[in-house]
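As a plain string of letters, each chain reads:
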Amino acid sequence: MRAGLEVAERPDAAMARDPVILRAHDLGKTYTSRSGEPVVAVQDVDFELARGEFIALVGPSGCGKSTTLNLIGGLITRTTGSLVFEGSQVTGPRREIGMMFQAPVLFPWRTALQNVLLPMDVRGEKRSKHRDRAAGLLELVGLAGSADRYPRELSGGMQQRVALARLLLEDPEVFLLDEPFGALDEFTREAMNLELLDIWSGSGKTVLLVTHNIQEAVFLSDRVFVMSPGPGRLTEVLDVDLPRPRRIPMMREQGFQDLVFEVRRVLGAL
Amino acid sequence: MGTTAEARPVRPGRRLASGARRRSYLLITAALVVAFFLVWDWLTSSGVLHRIVVPPPGRVFERSREIISEPYFRRHLWVTVKEVVFGYTIGAGSGIALALVSARFKSFRHLLEPYIVALQSLPKVILLPLIAVWVGYGQTSAMIIVVMVSFFPVYLNTITGLLAADENGLKLLHSLGASPRQAFRMYRIPSALPLVFTGLKTSVNFSVVAAITAELLGSRYGLGFMLANSGTFLRIEDLYATVVVVSLFAGAVYLIFELVDRKLIFWREDRNRFRAEERQR
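Reading guide: rules and limits
Residues numbered from 1 in each chain as written. Chains lettered and ligands numbered in written order. Predicted model: local features only at pLDDT ≥ 70, side-chain atom pairs only at ≥ 80, totals over all residues. Helix = DSSP H or I, 4+ residues; strand = E, 2+ residues; numbered from the N terminus. Rg over C-alpha atoms; globule rule 2.2 N^0.38 Å. Contact = placed C-beta atoms within 7 Å. Domains from an automatic or database assignment. Nonpolar A, V, L, I, M, F, W, Y, C, P; charged D, E, K, R; others polar. Axes fitted to C-alpha atoms, helices over the stretch in contact; angles between N-to-C directions. Parallel < 35°, antiparallel > 145°, perpendicular 65-115°, else oblique. Left-handed = near helix turned anticlockwise from the far one by under 90°. Pairing = 2+ DSSP bridges.

**As for the overall build of chain A**
Then step 1. Looking only at helices and strands, chain A has 10 helices and 10 strands in total.
Then step 2. Against the globule reference of 18 Å for 270 residues, chain A gives a C-alpha radius of gyration of 19 Å, in line with a compact fold.
Then step 3. Structurally, chain A occupies a C-alpha span of about 55 × 50 × 50 Å along its principal axes.
Then step 4. Residue pairs in contact within chain A that sit at least 24 positions apart in sequence constitute 69% of those at least 6 positions apart.

**A closer look at the domain arrangement of chain A**
Residues and elements named next belong to chain A.
Then step 1. Domain assignment breaks chain A into domain 1 (20-96 + 173-180 + 203-270) and domain 2 (97-171).
Then step 2. Each of domain 1 and domain 2 was reduced to a C-alpha centroid, and the two centroids are 26 Å apart.
Then step 3. Across the contact, 14 residues belong to domain 1 and nine residues belong to domain 2.
Then step 4. Per-element tally for the side of domain 1 that touches domain 2: the top contributor is strand β7 (residues 174-178), with five residues.
Then step 5. Its residues assigned to classes, the side of domain 1 that touches domain 2 comprises seven nonpolar, two polar and five charged.

**Some remarks on the packing of helix α7 (residues 167-175) of chain B against helix α8 (residues 180-216) of chain B**
A pair of packed helices is captured by two measures, namely the crossing angle of their axes and the spacing between those axes.
All names here are of chain B.
Then step 1. It is the contact of α7 with α8, at a shortest axis distance of 10 Å, that shows an interaxial angle of 160°. With respect to their mutual orientation, α7 and α8 come out roughly antiparallel. By crossing handedness, the relation of α7 to α8 is classed as right-handed. Contact residues: Gly-169, Leu-170 and Leu-173 in α7; Gln-182, Ala-183, Met-186, Tyr-187 and Ser-191 in α8.
Then step 2. Here the contact of α7 with α8 is built from residues that sort into five nonpolar, three polar and no charged.

**Quick notes on the packing of helix α9 (residues 222-232) of chain B against helix α10 (residues 236-264) of chain B**
Residue and element names in this part refer to chain B.
Then step 1. Their axes nearest at 8 Å, the elements α9 and α10 cross at an angle of 165°. The angle between α9 and α10 falls in the class roughly antiparallel. Between α9 and α10 lies a crossing of left-handed hand. Facing Leu-223, Met-226, Leu-227, Ser-230 and Gly-231 of α9, the residues of α10 in contact are Asp-238, Leu-239, Thr-242, Val-246 and Phe-249.

**Some thoughts on the sheet that holds strand β5 (residues 88-89) of chain A**
All names here are of chain A.
Then step 1. Sheet architecture is open: four strands sit in the order β2-β1-β4-β5, paired in antiparallel fashion. Where the open sheet ends on each side, the last strands, each with one partner, are β2 (38-50) and β5.
Then step 2. Of the strand pairs in this sheet, strand β1 (residues 20-32) and β2 are connected by nine bridges, and their pairing is antiparallel. By the bridge assignment, Thr-32 is partnered in β2 with Pro-38.

**Section: the domain arrangement of chain B**
All names here are of chain B.
Then step 1. With domains assigned, chain B is organised as domain 1 (12-54) and domain 2 (55-280).
Then step 2. Computed from C-alpha atoms alone, the centre-to-centre distance between domain 1 and domain 2 is 29 Å.
Then step 3. Between domain 1 and domain 2, the contact holds 10 residues from the first and five residues from the second.
Then step 4. Residue composition of the side of domain 1 that touches domain 2, by class: five nonpolar, two polar and three charged.

Following this line, the structure appears as structure tokens:
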């Protein structure tokens, strides 16, 4: 009872209960090309992300998926619209929103563990304070014995696991994943997707995953955002009402197949 | 979790095979060196080459050993070492410092660039007579020329390395909320290190050559003077022996830098390329 009262008295309590963690309205980005012509990368993007939701973002190349992700991550500034995270406008990179890219981007002079600790180095915090948690995260992603190995001693899949552990150490509320396993072979990618689901489920974290793979998008997500190019727009949102936890055999089921087919139809890939 | 069996990038069979191949190359190299000395010895002992023009290798090595133990040699070696150490420290040091400032501040780079471009292709040795007019031939002129030749490779490699840092790393740091200053310190500088060291190694070789050239052209001290002196007085054995000793000196300097490089820049790409290709298969 007392604890409840305290929560209610906190000024951001109303916000904390808000099921929507991120709101984009009329979001747009226009670049100026070398010849001075304006190039519209994305336009009129509207969406709301619910807390704890897993969203897959699909669309053909050049439809502005990465631009949208970079806007949310605060890496680039929007030219139009608004982008509100937990009640405040996104104006730059912030701790609560973490990113992961197609390349693992590990620093070759740092060991796996030191790479995982990078966010804390950026914050200027003592490494020793976070070392145990970093080692635990490496264990979580299946790299218990590789903490002191250098990136060049790790395979592509292992490198991407280190990158995932680094993102987890940052402990953001929103995970922006830009085709994180896109460069890996089919088997490794599937295994990594399942591990990602395991780690995400029950964490309450919000995930926005960009992917080229329609099956993967349906298999992982609660909703599929479909974007289309020229200029990049969010054209369709599909609900994925498959039960969780998701298991590979579900891919055989009619409900799954229908959804994959529906996404294909929306993408015009039929 | 962690149940996927990902192939470790280690293939003992292949590595063994490559080790055997490397050993056989080493053997051929050594055999060629031995053959060279045998031919040289035969040419001098059979009289094809006159002993005064080309002394037998045995004599040259004997004389080299004598020279190394003479205080006369130590004195001259010390002079050259001093010129190289001081000149190189100033030249390479300012190369790194200016490159850091140039990489951090664009306007400074644009101001500096025309001078660098104009001066880098200039063969610095042609300035020696001019420098001699200002300060005379001697340790100072040698040191000045060492400063000049050691600056450019270090500056150019450092600035290239700093500016060529991978965009992805910078993007990652940006997403983590790093300031440009942090990105510079945590990412640009370490990514530039392999090239910085390439510059440092090139410069140290240039420095030794420049110091000795300066000494050859009229100094009364240093290894270059020793060379010139033995030539002038037709002490042919001494001349050969000095060439050997000076080569050993230059080789030792190179080796020290190479070892430090290997220790410090253990992630160097060009050295790991073979390994990376292995992993690709």
